[in-house]
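Chain residues, written in single-letter form:
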2 protein chains.
Amino acid sequence: MKAIPFTNVTINDRFWSPRLMTNSEKTIPHELEQCRITGRISNFAKAAGLMDGNFEGIFFNDSDVHKLIEAASYTLHTHPNPEWEEKLNEVIDTIANSQQEDGYLNSYFTLVEPEKRWQNLGMMHELYCAGHLIEAGVAHYQAAGKDKLLQVACRFADLIDNTFGPGKRDGLPGHQGIELALVKLARVTSEKRYMALSEYFVTTRGQSPHVFEKELQNPDLPGGLGAYQHHYTRDGKYEGTYSQAHLPLKDQKECVGHAVRAMYLYAGAADIANETGDDEIKGALHTLWQNVEKRLYITGGVGPSGHNEGFTQDYELPNFSAYAETCASIGLIFWAHRMFLLNGVSRYMDVLETALYNGALSGVSLDGTGFFYQNPLASRGGRERSPWFGCACCPPNIARLFGSLGEYIYAQSEDDIWVNLYVGGSASTTITSDISLKLTQKTDYPWSGDVEITVMPDKPTSFTLNLRIPGWCKEYTISVNGEELSNPATSLGYINIQRQWKSGDVVDLKMDMPVDRIYAHPHVRDNLGRSALQRGPLLYCFEDIDNSQGAFETLSLSDNATINPVYNSDLLNGVTILKGTGLVYDVSDWDNQLYLSKPNTNKIDITAIPYYAWSNRGAGQMAVWVL
Amino acid sequence: MKAIPFTNVTINDRFWSPRLMTNSEKTIPHELEQCRITGRISNFAKAAGLMDGNFEGIFFNDSDVHKLIEAASYTLHTHPNPEWEEKLNEVIDTIANSQQEDGYLNSYFTLVEPEKRWQNLGMMHELYCAGHLIEAGVAHYQAAGKDKLLQVACRFADLIDNTFGPGKRDGLPGHQGIELALVKLARVTSEKRYMALSEYFVTTRGQSPHVFEKELQNPDLPGGLGAYQHHYTRDGKYEGTYSQAHLPLKDQKECVGHAVRAMYLYAGAADIANETGDDEIKGALHTLWQNVEKRLYITGGVGPSGHNEGFTQDYELPNFSAYAETCASIGLIFWAHRMFLLNGVSRYMDVLETALYNGALSGVSLDGTGFFYQNPLASRGGRERSPWFGCACCPPNIARLFGSLGEYIYAQSEDDIWVNLYVGGSASTTITSDISLKLTQKTDYPWSGDVEITVMPDKPTSFTLNLRIPGWCKEYTISVNGEELSNPATSLGYINIQRQWKSGDVVDLKMDMPVDRIYAHPHVRDNLGRSALQRGPLLYCFEDIDNSQGAFETLSLSDNATINPVYNSDLLNGVTILKGTGLVYDVSDWDNQLYLSKPNTNKIDITAIPYYAWSNRGAGQMAVWVL
């Protein structure tokens, strides 16, 4: 099973098309400008000797530019723009010029500590930046058909491959990401060395004594030791959990440490498992997935703690202080997608969809130029998206996710097509050896659960069309060419329609999309006595701007509250809001008393908006979980 | 208005009599033994030169012995015991022997830093220990009729009075308590100097620059600077809030800092206001009381934070981490009692009663030899009372409170009697100039709201009998000699029965005592969506030992839950428990899911016990506020 690549998919619907346009026309230019004014691009020019000056910013800032190139490459494919292509090529040229003779490419080390390459892999993100360069090179090649950056990436990957591995030097990325990048590179170049290097990084991690532990003995350690040391030692002893280097992956049972690193590692490991069939890795990934299901915000956010930007313990999911980094939700999408490709089970796509429509989508403002690094589930006010960050990993990450959205919609094997996301548009592929197949989707998802899929093989042919039954969907009907299937076959969370398809066959999926009240596992302490509203894949929240003064703190939904969806095209670029009545305490009732035996409640009209759209109308209060 | 003193009151009922017996026979001997084995008593012997050795323990440990003498003196009156009296006299002799020639008495300074008296008043508790010595001297004189310790106290008070005050040295207690002690001393000795010294301590506090600030400039500061410094400085600058020395009392508007210190200060200030009629102090106390009503646990606990053992901000009343020191509830009782005496309003007695039956009473185990320093409102297990503490302020404080309980039941003025607490027993006093009056109370309070009061003046005489209507009481009937008063006069929260009383007149008060569900002000974040059960003055809690496995975390009372009181004489020395049904989530229902749209709930039988009785059957889980 493989994804139908973004290059073969178009998107054309009411929900995503405007967002992808904003991504192309607003977000990516805005981010390029931020990369310029913060010295991120001139760092490469300086490293290339094209201009004078010192390195500016944080030592891993190269990665932001690489990610932005990846994002821009995708959008050049979906939203061609020659002027933009020119600008992108200039940046790529500058990066290429900064590559050292031996293939090394990292503007921080080249400019600041040229003698100290590879000495502090645990903390200094050289391999992480390399990974993003590789992903950029692959994307630019796939999307724009140009191989300049791919060649740069290959030269650097070759250097890394010649440096690290069995019989060579010990080395692993402190911040993962290169694992999945090397898999992409191996696939696009058909070079097995890159796959082997990725496998080495995945399987060697957690050796004892660990390469990161040995590095710490260097009294002249380069770079950012000060900032990271406390994550690598406890009571003076080396401790690997922060970067998932405490145990070999095959023995890891809990999601620990920095959440983005964890997600990238697990995603890369799933790629390797898919490639090699390694049962130990598959087993570990299964166990880790079971565990992440106990550490997952209802938004698809992971990593509740700001302390380690990461995981804590099962069921510890505080709302106000939720870290839930945008990048971690994106990483979860990468992991979940690969788990689906490995197992064919729809639950992975449920989590992907949840993260996509909620915890990742909340990371960018509706106008495309404001970003959340953290995505809390409640706020007492004061939180607004920023145009940029000193550590700016999230903005280009969301841009590249959206740019490559097409990749997540469909998958196929020889005789099967999977429709995973309900997104209007089309896909083209080849099925049953040599039949060209086009599919079109018409839907107003996520506002509606109705989906019309037209199947257009160039000749009639038999294959199975698998339509995902989302976890949120309890009732649906499915018909082919107007004839309802009374008892459709289902497996692994998909409706399986096996038949001989001819061009113009129409499949109608109608999913009931009621408003659901969701309750959290009782071990999630912050949510005891609370519920959240969800409709389809969208989680809802209450902002004080829509609800009466004072309602925020005490808003409760009575047990039999009727809550209705209403589409409002004027609000928040068009959203289905939820309207109903709720109860709030009459605070004045308390007067100067702290405790009352029969407090009055007031009935008020309440309005919930999709969580992704919060904080687009000022820095007010917000709550997902209400009483 | 004044309290009818404990010497004129007897207690004879089912609730308090056994507790006071335990206090006399178990708690006080246990505490004396603890004082012995921890060197608290031998510190005095060493300071007296009666034995060799170094000071042992914490620098303010003298105060524990003083408080214990105060407690034991009360119980010698209520529970005479010649053997015990002998032991007490020995301790008093040792303390008296440790008094220095000039009257100074503090075993720490005498043994450890004799040259550094009075140099670190802010932190070293000399005046605090002096206050407890004075209270012990007064109690021993009042209860046992012996003036030896009173003379010791007077000599020390004279030294303090000669040392500090207008035209003498600046000096104030870092830990208050001496203020109310000096008022007691002034009243028992009729020496106005002591009252004036107390007034000086109350009214001078908060001067700028403050005496504590000036002390900090001493590079050779005695004693405990290390432990306390962070409470007295912020960003390197002096900050007086920890000990309520940030502003003159008359300008203080919020309860701040260390809660016990605050309570003792406000209690002493109320004494002074009562004595002097000072309107500025009265106004400040009114404002501070309004404020404490926003910072008060439903148990009568104050001071939520362990950081400063004290106050934080309005409505910040976390349950699990509640500090709510036993001593702070006792201090609140002192303050509330004096506020009642100053204002005649029953609300103060409501708070006193709440603290007495809940937050203070929880401070001691049913067997009288285990103590809580902190009184949380919820526990995930592991909390048990200790036989003693390094800082052992609470155990003797609870012993002296119980020993002097009689003092809080009645008050009188020339033509009025107030019955404030419903406690079986009797009181004797003189009313309307020269009429001897005896009152008896029969009641099974707090288990029942029925109270029978027999009034026995030695001649018929007119006065007003004022019966407190507790804040919890919504319905009651009152009759005199069997005849119901259809519309009794009430004022300030009392039923006022003005008539000519003759011996044998019987007043019957019947207060409905339903089970109430109490809700906290919506600004108390931890209690949103939760309620607590109360019946009469008793707050209830749920312990996991009485409730099904797993019920603790998710227990909810449905809106129309019927909860019935049942007296159980075999449980916890006899308690009325509350029984009913509640709902808990079926945790197994969740299986490996974090979020469910329709979780099942199980109906379970639930049992609540009085909060004061929790943690007498092992260190299980407990919750006051449930869903």
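None of the values given here were measured: they were computed from a predicted structure.

Cut-offs used in this document
For every chain, the first residue of the written sequence is number 1, and numbering continues from 1 onward in sequence order. In the order they appear in the text, chains get letters beginning with A and ligands get numbers beginning with 1. Side-chain atom pairs in this predicted model are given and counted only at pLDDT of 80 or more, local residue features only at pLDDT of at least 70, and totals for whole chains, interfaces and linings cover all residues. Note that the side-chain values use all heavy atoms of the structure and ignore hydrogens as well as water. Comment: elements are numbered from the N terminus, with helices defined as DSSP H or I runs of at least four residues and strands as E runs of at least two. For a compact globule the rule gives 2.2 Å times the number of residues to the power 0.38, and the radius of gyration it is set against comes from C-alpha atoms. Buried means the residue's accessible area, taken with a 1.4 Å probe over protein chains only, is under 20% of the maximum for its type, while exposed means over 50%, and partly exposed covers the values in between. Only heavy atoms enter the contact rule, under which two residues are in contact if any of them lie within 4.5 Å. The protein chains shown are the only cover counted for residues, whose accessible areas, like all others here, come from Shrake-Rupley with a 1.4 Å probe. His is not counted here, nor are the chain ends, while Lys and Arg score as positive and Asp and Glu score as negative. Working definition for charges: the position is that of NZ of Lys, CZ of Arg, CG of Asp or CD of Glu. The pocket and cavity definitions rest on a 1 Å grid over protein atoms only: a 1.4 Å probe that fits but cannot leave marks a cavity, an open set with protein on both sides within 12 Å along at least five of seven lines marks a pocket, and residues lining either have an atom within 4 Å of a point. Grid points are joined across faces, edges and corners, and a volume is the space filled by probe spheres set on the points. Charged residues are taken to be Asp, Glu, Lys and Arg, nonpolar residues to be Ala, Val, Leu, Ile, Met, Phe, Trp, Tyr, Cys and Pro, and polar residues to be all remaining types, Gly included. Residues belong to one nonpolar core when they are buried, are Ala, Val, Leu, Ile, Met, Phe, Trp, Tyr or Cys, and are joined through side-chain atoms within 4.5 Å. For helices, the fitted line uses only the C-alpha atoms of the stretch in contact; every axis is such a line through C-alpha atoms, and the angle between N-to-C directions lies from 0 to 180 degrees. Just so you know how the angles are binned, under 35 degrees is roughly parallel, over 145 roughly antiparallel, 65 to 115 roughly perpendicular, and the rest oblique. Helix crossings fall into two classes, left-handed where the near helix is turned counterclockwise from the far one by less than a right angle and right-handed where it is turned clockwise. Per residue, pLDDT measures the predictor's confidence, with a range of 0 to 100. Accessible-area loss on putting two parts together, using a 1.4 Å probe and summing over both, is the definition of buried area adopted here. By convention in these notes, a salt bridge is any Lys or Arg side-chain nitrogen within 4 Å of a carboxyl oxygen on Asp or Glu. Polar contacts here mean pairs of N or O atoms no more than 3.5 Å apart (in protein, one a potential hydrogen donor and the other a potential acceptor; neighbouring residues in sequence count only if both atoms are side-chain atoms). A pair of strands is labelled paired if DSSP reports no fewer than 2 bridges between them. A least-squares superposition brings the copies together, and it is based on the C-alpha atoms of residues with pLDDT no lower than 70 in both.

Scanning chain A from terminus to terminus reveals 19 helices and 24 strands. Over its C-alpha trace chain A gives a radius of gyration of 25 Å, about what one expects of a compact globule, namely 25 Å for 627 residues. Along the first, second and third principal axes, the C-alpha set of chain A runs to 75 × 70 × 50 Å. Going through the 627 residues of chain A one by one, you find that 62% of them count as buried. Contacts in chain A between residues at least 24 apart in sequence constitute 69% of all its contacts with a sequence separation of at least 6. For chain A, the computed accessible surface area is about 22200 Å², with 45% contributed by carbon and sulfur atoms. Between the averaged position of the 52 positive side-chain charges in chain A and that of its 75 negative side-chain charges there is a distance of 1 Å.

Size it by volume and the largest pocket reaches roughly 1400 Å³. Only helix H18 (551–554) of chain A together with helix H18 (551–554) of chain B provide two or more residues apiece to the lining of the largest pocket. Ranked by the residues each element gives to the lining of the largest pocket, the list is headed by H18(A), at three residues. Broken down by class, the residue content of the lining of the largest pocket amounts to 26 nonpolar, eight polar and 14 charged. In this structure, the second largest pocket encloses a volume near 1100 Å³. For the second largest pocket, the lining is made up of 30 residues, of which A:Gly529, A:Leu557, A:Asp559, B:Leu557 and B:Asp559 are closest to its centre. Looking at the lining of the second largest pocket, the elements that each hand over two or more residues are strand E17 (515–520) and strand E21 (575–585) of chain A together with strand E17 (515–520) and strand E21 (575–585) of chain B.

With that settled, consider the nonpolar core. Soluble, globular proteins show a tendency: their nonpolar side chains are buried together. Membership of the largest hydrophobic core comes to 209 residues, with the highest contact counts inside it found for B:Trp16, B:Trp335 and B:Leu467. Filtering out sequence-adjacent residues up to four positions away, B:Trp16 remains in contact with B:Ile11, B:Leu356, B:Tyr357, B:Leu361, B:Phe402, B:Leu405 and B:Val423. Judged by nonpolar contacts, the second largest core, of 208 residues, contains A:Ile92, A:Leu421, A:Ile497 and A:Leu538.

This next bit is on the packing of helix H1 (residues 16–37) of chain B against helix H17 (residues 394–403) of chain B. Residue and element names in this part refer to chain B. At a minimum axis distance of 10 Å, the contact between H1 and H17 shows a crossing angle of 140°. Classified by the angle their axes make, H1 and H17 are oblique. H1 and H17 meet at a crossing whose hand is left-handed. The residues of H17 that touch H1, namely those facing Trp16, Leu20, Asn23, Thr27, Ile28 and Glu31, are Pro395, Pro396, Ala399, Phe402 and Gly403. For the contact of H1 with H17, the per-class residue count stands at seven nonpolar, three polar and one charged.

Let's shift gears to the confidence of the model for chain A. Chain-level statistics for chain A give a pLDDT mean of 95 and a share of 99% at 70 or above. Scoring of the predicted complex yields 0.89 for pTM and 0.90 for ipTM.

In this structure, A:Asn527 sits in the loop between E17 and strand E18 (532–535). Accessibility expressed as a relative area gives 4% for A:Asn527, which makes it buried.

Listed per partner, the contact involves 39 residues of chain B and 39 residues of chain A. A buried area of about 3300 Å², summed over both sides, lies between chain B and chain A, and 60% of it is on carbon and sulfur atoms. On the chain B side of the interface with chain A, the three residues burying the most area are B:Tyr519, B:Leu594 and B:Tyr595, jointly 21% of the side's total. At the boundary of chain B with chain A, the tally comes to zero salt bridges. At the boundary of chain B and chain A, one finds eight residue pairs in polar contact (both at pLDDT 80 or more). Within the residue set of the side of chain B that touches chain A, elements represented by two or more residues are E17, H18, helix H19 (587–590) and strand E22 (595–596) of chain B. Looking at which element gives the most residues to the side of chain B that touches chain A, the answer is E17(B), with five residues. Sheet topology note: the strand E22 (residues 595–596) of chain A/E17(B) ladder contains two bridges and is antiparallel. Bridge pairing in E17(B) links A:Tyr595 to B:Ala520.

With that settled, the discussion passes to the packing of helix H10 (residues 192–204) of chain A against helix H13 (residues 259–276) of chain A. Residue and element names in this part refer to chain A. With their axes 10 Å apart at the nearest point, H10 and H13 run at an angle of 125° to one another. Overall, the two elements H10 and H13 adopt an arrangement that is oblique. Here H10 runs over H13; the crossing is left-handed. Residue-level inspection shows Met195, Ser198, Glu199 and Val202 of H10 in contact with H13, the latter providing Gly268, Ala269, Ile272, Glu275 and Thr276. By residue class, the composition of the contact of H10 with H13 is four nonpolar, three polar and two charged.

Our next topic: the environment of A:Gly363. Residue and element names in this part refer to chain A. Within the secondary structure, Gly363 sits in the loop between helix H16 (346–360) and strand E5 (378–379). In this structure the C-alpha to C-alpha distance between Gly363 and Pro209, which are 154 residues apart in sequence, comes to 38 Å. With near-sequence residues (within four places) excluded, Gly363 lies in contact with Thr326, Gly370, Phe371, Phe372, Asn375 and Arg385.

With that settled, consider the relation of the copies chain B and chain A. The operation relating chain B to chain A is a screw motion whose rotation component is 180°, with 0.0 Å of axial translation and a residual RMSD of 0.0 Å. Interpreted geometrically, this transformation is the action of a two-fold axis. Taking the C-alpha atom as reference, chain B places B:Gly529 closest to the rotation axis, 3.2 Å from it. Take the interface residues of chain B: 100% of them recur as interface residues in chain A, which is what a same-surface contact looks like.

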